[in-house]
Structure formats: structure tokens, C-alpha cells
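Spelled out, the chains give:
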Amino acid sequence: MADLATTVESPHAGGSLLDKKMKKSSAWVSGVVVATALLGGLGYIGFHIQQDLSNVTVASIWPFALLAVALLIALGFEFVNGFHDTANAVATLIYTHSLDPNIAVVWSGLCNLAGVLVSSGAVAFSVITLLPVELILQVSYGAGFAMVFALLLAAIIWNLSTWWFGLPASSSHTMVGSIIGVGVANQLMSVHSGTSGVDWGQATKVFQVLLISPIVGFVCAGALLLISKFFILTKWAKNFAHAFDANHKKLLWLIPTIAITGIPGAYVFLYLAPMVFGLFGTPGMAVWQPIKSFAGWNPPTGLIATMLIVGIIGWYLVAVFARIVIDNADVLFTAPKGSAPPPWPIRALLIFTCSGVSFAHGSNDGQKGMGLIMLILIGTVPTAYALNHAVSARDVQTFVTSSQAADAVINKHADQTAVMGADARATVTQYIATKQLQPDTMLALRELVNDLSNEVSLYKEYKSVPASQQTNVRNDMYVASEAIRLMLKSKNPQFTSDETAALTTYETQVNKATKFIPGWVKVAVALALGLGTMVGWKRIVVTVGEKIGKEHLTYAQGACAELVAMGTIMAADNFGLPVSTTHVLNSGVAGTMAANHSGLQFSTIRNIAAAWVFTLPVAALLSGTLFWLFRQISH
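Let us look at the structure shown here. Once a new chain begins, its residue numbering starts again from 1 and follows that chain's sequence as written. Per-residue local features of the predicted model are confined to residues with pLDDT of at least 70, and side-chain atom pairs are confined, for both listing and counting, to 80 or more; whole-chain, interface and lining totals are unaffected and use all residues. The side-chain quantities take in all heavy atoms of the structure and omit both hydrogens and water.

### Some remarks on the packing of aromatic side chains
In step 1: Only the six-membered ring of Trp is used, alongside the rings of Phe and Tyr, when aromatic pairs are assigned; centres must lie within 6.5 Å, and planes under 30 degrees apart are stacked while those over 60 apart are edge-to-face, with the rest tilted. Within the structure shown, the criterion is met by nine aromatic pairs.
In step 2: When the ring of Phe 231 is compared with that of Trp 236, the centres are 5.9 Å apart and the planes differ by 75°; the resulting orientation is edge-to-face.
In step 3: Looking at Trp 236, the relative accessible area reads 41%, which means it is partly exposed.
In step 4: Three or more aromatic residues link up through ring pairs in this structure, and these residues are Phe 230, Phe 231 and Trp 236. Only protein chains enter the area calculation, which uses a 1.4 Å probe; residues under 20% of their type maximum are buried, those over 50% are exposed, and those in between are partly exposed.

Put into C-alpha cells, the structure is as follows:
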């Protein structure tokens, strides 16, 4: 099928194809949009920070100066992430002339912003669990700050280095590598004190996702391209399109189409709707309540109605698809000619896929910085951010009730003959670090749960906990929650289903108090990510658009690569796992090139692969070295 794509145009001397696509006339439009979003976002951030800090007693300006520097570095990472990773999403849109580059980049930035704002925070705290537990608990002290600064600076240095050479390396790999470097350095520097390094179980889980996702991108994008050719380009597909277009309003065609699309479509909708509406959670479980009630009527009127609605929509979409096959089948699988935009259905498809990838990237990658920003806030201004002050008094009462149930479960599995050490938190922390259950571990955990319940019930609300105790309460909660998570994961001790439910409820209530992200943090990350996309996008876009394949991207190739990237990232997001937008999308482009027999530029593939291989060890070495240096300075 190589004859269906034209060979990529040779760039003019001193420039790339991208230079010919730029239109200065649209620059003012993007400038107005950027200025409006920036001013509105900064106003929102400033107002809410002022509210959060209004009740904080200022004893020294030093914590606030440290907070400003740390936030600047953390947002700098997201800014670099924006032009390094998100630029991948707009490459297909630009190189198929679907949108002018200035407009495309601003649109992608806004979609990133939306993705960040609806993100759940699951990925943010999944990344945090990779860090050594002692450093998380010491985030208000020198070691904690050394960890955060080392992580962020190492990630920024490597991302800027690969961006300079136009290599689409992964910010996710970079961050994970930086975390590993700090963990290993922490363990080596404290080899005789029993401190922990990396949570290798959690790291392995992240590694698997980061390793598999590019393979998924390559194989699925290539397969999707071949499938789309089969259903669009073949003679029988064109004959069916003509027949359906001529007869689809007749009952003999309409009723079967509604049934064929509506019955499976209704079940898919009820499974995916919570994710589509931004209500993230375990796939198929976090069902939006109105949909759950609607589908659960007995007799199943709601389910039948959903099937009918989805079926009618499916019938309409098949009719639209038939017209696209008739009018644009051959165009879809050819490369753009000149600078003319594609027909409107193809243009709409590519704008949709770019928007989806940008949104998914924001909801996943945007969270990596959020978790670290929360550590910074907890470390510098614990009075305002150690505990979630937005939790209601009713939720606090639910926490107390769930504490009593958790205490009963833990007491059943505690060794009553064991002798507990003087510090319950230290005992449980040691269990988290070693994953080894000791005779006194359950006793110490029970004491933590009881002490927290008594303390919280005394103050009624988290915001009423004295400023001097906010950090201690948070640390006790964090340690108790992590210990329960590890016990449930390892199935040691062996809990019954009822006991597991009680402990899970308790863990959920604790997480409400400790694992939260204020709205202004999401807005700040969204702005940094969006602005980064709009500023430094060109180098990566040129690599994706011109240097992966030997021939120009066809419209279908761009759409297939982005559809697979969007689906993969959203799936990872719902499981709370970090995934690389860069690797998924670039491997998807390469997969479509291979499936289309368009040829690959192996020099570029080799360089991208090299960046992929070296990102983890180099980021780990950088962060480990910086952590050691900062620890020497902070002593």
C-alpha cells in the first residue's frame, strides 16, 4: 500500500516543512487566548492561596521563600513536560494541515488544561508511593527538601537535554528514574540505619506499564490502520457503503442496525460512561449514580431505553460513516497535497483525536508534578496543607466509625503476647520499609488507629487540629494507610472478605484526609503544562512529523496513532498508573508506518530508542548525585 502515500517533501535549506506551514496571521489569536487563560488562572491561584494562608501565623519569611522556590521548580518541570511531551499530540494535526500550527498548539494546551482539572489524583499518589517512606515523613526537614529538589532538578535537566536534540524522550521515565535514584542514594547513605530505598514492588508495576505501553502503541496503531483499510478501502466495504446510504431509512435496514449497534453499545456505554464523564475509578465499578439507577430499573426499562438511544445514535453514525467511505475513502489513506486542509469529516476526526490525546496527557502526566507539589506544600506550610480542611464533620464522624471497625479487625490478628516498642509509628514505618511482619507490628498499628480516632474525635474537624499537631496526625495517618495497603496487597495476614472491606473503608477515609489536591494546584499545573506546550513545541513536532517515517503521514495514520494513544493513556489513568505519552504516540506513528509499508527512518528510531534506554539510568544517576549533594549542604 506504499503507493497510497506520497514521499515526504524535502525541506528547504535552513528550514523544515514546519516552517512552510506557519502562518503569522493566526499568532494574535493564540496570543489573546493565552493571555486570557493566564490572567484568569493567576487570579484564581492567588485568591485561593491567600485564603489557604490567611490563618497561618507567620513566624519567619523563610518557609514562604522556600515554598516559592520549590513551587517554581515544580511548575518548571510541568512547563518543560508541556513542550516536551504534549508537542507529540499536535504533530499529526499540523502535518495534515488540519489546523494552523499556532491555533493547533493553543487548542492542545487548552485540552491539556481541561485534562488536568478533571484528573483524580490517583496517578499523583501512585508515583509518591515509589518514594522511601522515611523521606515522605521527613518532608518538613532537610532530607525531605533534598529529595524533592533532587527529583525535580534531575528531571528538568534530562528533559531539556533531550528536547534540545529534538528527541521525544519520556517525562514519565524521567520522573520514575529520578525517584529510583533518590531511593537508592538514600539507602546507600544510611546503610547501617535500616532506612528504605525504592519500593521495588510498586516500581516493577510502573516499569511494566512503561515498557508495555510502547509495544501496545506500535502493534495496536498498526493493526487499527490495517483494520480501517479493510472496512473502508476494500471493494465490498465500498459496495456496502453505497447500499447502506441508499437504504438506511428503510425498516429492514434501520431495525437491524439499531439492534446490532444498540445492544452491545449500551453495555459498553454503561461500563465506560463514568470515565467519559471524568468520574474516574475502577473501570466498570465507579458507575455514575444516575446511570446506575437508570439501568437498574426492574423490569430493566432503563437498560432497554439505553439500548434504543445508543442504537439510534449508532444507526446515525453508520450512515455518516457510509457517506465518508463514499466521498473520502481514498483521500483518508493519502498524504496531504500542498497546504490545503483535508475534507471536513477527516479534519474533524483529526481535531478530535488530537484533543483526546492532549486531554488524556493532561489527566495523566499533569498528575506527576501534583504529588510532588503536595509534598512541598506539606513540608513548608503544614498548618494549611498537612490535612484536608475541606473534609466535612460528617466525613470525620465516618472516619471515627470506620476506625472502630478497623481496630476490631486488627485486634483479631494481633499477637497479644508480643511486646510493643516505645514508638508505634516507628514500628509500623519499619514494616513499610522492610515489608516484613513482626510480632509487634499489628499491636503498633492498632495503637496508631486508636490514637488517631481519639485525637480526631476530640477536635471534631481536621482544620481544628492544632497547628503543632497537623504534621504528626498526617504522618500517623499516612503510615497507617500505607501499612494497611501493603497488608491487603500481600494478603498477610489473611483477612476475610468482611475484614478486607472494613480495612478498605478505613483506608479510604484516611486517604480523604491525606491524599487530596487543592483546586489551585491543578490550575497551576494546568497553566504550566499548557504554556509549555505553546512555547517549546517545534523541535519535537518536527521529529514526529518528518523524521520517523520516510513518507509523509497520511490522514489515517495520524488518526490511528492518536486514537490508540488516547485509549492507552486513559486506561492507565483509570488504573492510577503513569504512562508515557511520548512513547505511546511515537511508537503508534512508527506502527502505522510499518503497517503501511511507508518505511522508517532508522537513524531517528535508533536515537529515540537510545533516549528510551538511557533515560532511567541517567535520571537516576543525576537525582542520586543531586540528593547526595543537597544532603551534604543541609547537614
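### Observations regarding the pattern of salt bridges
In step 1: Just to be clear on terms, a salt bridge is a Lys or Arg side-chain nitrogen sitting within 4 Å of an Asp or Glu carboxyl oxygen. Applying the stated criterion across every chain, the model contains seven salt bridges.
In step 2: Put simply, Arg 323 and Asp 245 hold a salt bridge, and the shortest N to O gap is 2.8 Å. Highlighted residues: Arg 323 in helix H13 (residues 301-332) and Asp 245 in helix H10 (residues 235-247), separated in sequence by 78 residues.
In step 3: Linking Arg 323 and Asp 327 is a salt bridge whose minimum nitrogen-to-oxygen distance equals 2.8 Å. Here Asp 327 and Arg 323 lie together in helix H13, a separation of four residues that amounts to about one turn.
In step 4: Overall, Asp 327 belongs to the partly exposed group, its relative accessible area being 46%.
In step 5: It is possible to trace a salt-bridge network through shared partners that takes in Asp 245, Arg 323 and Asp 327. Secondary structure elements are defined from DSSP: runs of H or I of at least 4 residues count as helices, runs of E of at least 2 residues count as strands, and each element is numbered from the N terminus.

### Focus: helix H16 (residues 393-412)
In step 1: How far a helix is expected to stretch is found by multiplying one less than its residue total by 1.5 Å. The terminal C-alpha atoms of H16 lie 29 Å apart, and with 20 residues this matches the ideal 28 Å at 1.5 Å per residue to within 8%.
In step 2: Buried within H16 are the following residues: Val 396, Phe 399, Val 400, Ser 402, Ser 403, Ala 406, Asp 407, Val 409 and Ile 410.
In step 3: In what follows, residue pairs with any heavy atoms lying within 4.5 Å of each other are defined as contacts. If you follow the buried residues of H16, they end up packed against helix H18 (441-459), helix H19 (467-490) and helix H20 (497-514).

### Comments concerning empty space enclosed by the protein
In step 1: Note on definitions: the grid is 1 Å and covers protein atoms alone; a cavity is a set of points where a 1.4 Å probe fits but cannot get out; a pocket is an open set with protein on both sides within 12 Å along at least five of seven lines; lining residues have an atom within 4 Å of a point. Grid points are joined across faces, edges and corners, and a volume is the space filled by probe spheres set on the points. Per the counting criterion, the structure on display carries four cavities of 30 Å³ or more.
In step 2: Put simply, the largest cavity is a space of about 90 Å³.
In step 3: Every residue along the wall of the largest cavity is listed here: Phe 125, Ile 128, Thr 129, Gly 371, Met 374, Leu 375, Ile 378, Arg 474, Tyr 478, Thr 514 and Lys 515.
In step 4: Among the elements that make up the lining of the largest cavity, the one with the highest residue count is helix H14 (residues 344-380) (four residues).
In step 5: For this classification, the nonpolar set comprises Ala, Val, Leu, Ile, Met, Phe, Trp, Tyr, Cys and Pro, the charged set comprises Asp, Glu, Lys and Arg, and every other residue, Gly included, is treated as polar. The residue inventory of the lining of the largest cavity, partitioned by class, reads six nonpolar, three polar and two charged.
In step 6: Estimated volume of the second largest cavity: approximately 60 Å³.
In step 7: As for the second largest cavity, its lining consists of Val 34, Ala 37, Leu 38, Leu 110, Leu 113, Ala 526, Leu 527, Gly 530, Leu 531 and Met 534.
In step 8: Of the residues forming the lining of the second largest cavity, the biggest block, five residues, is contributed by helix H21 (residues 519-535).
In step 9: A breakdown of the residues in the lining of the second largest cavity according to their chemical character gives nine nonpolar, one polar and no charged.

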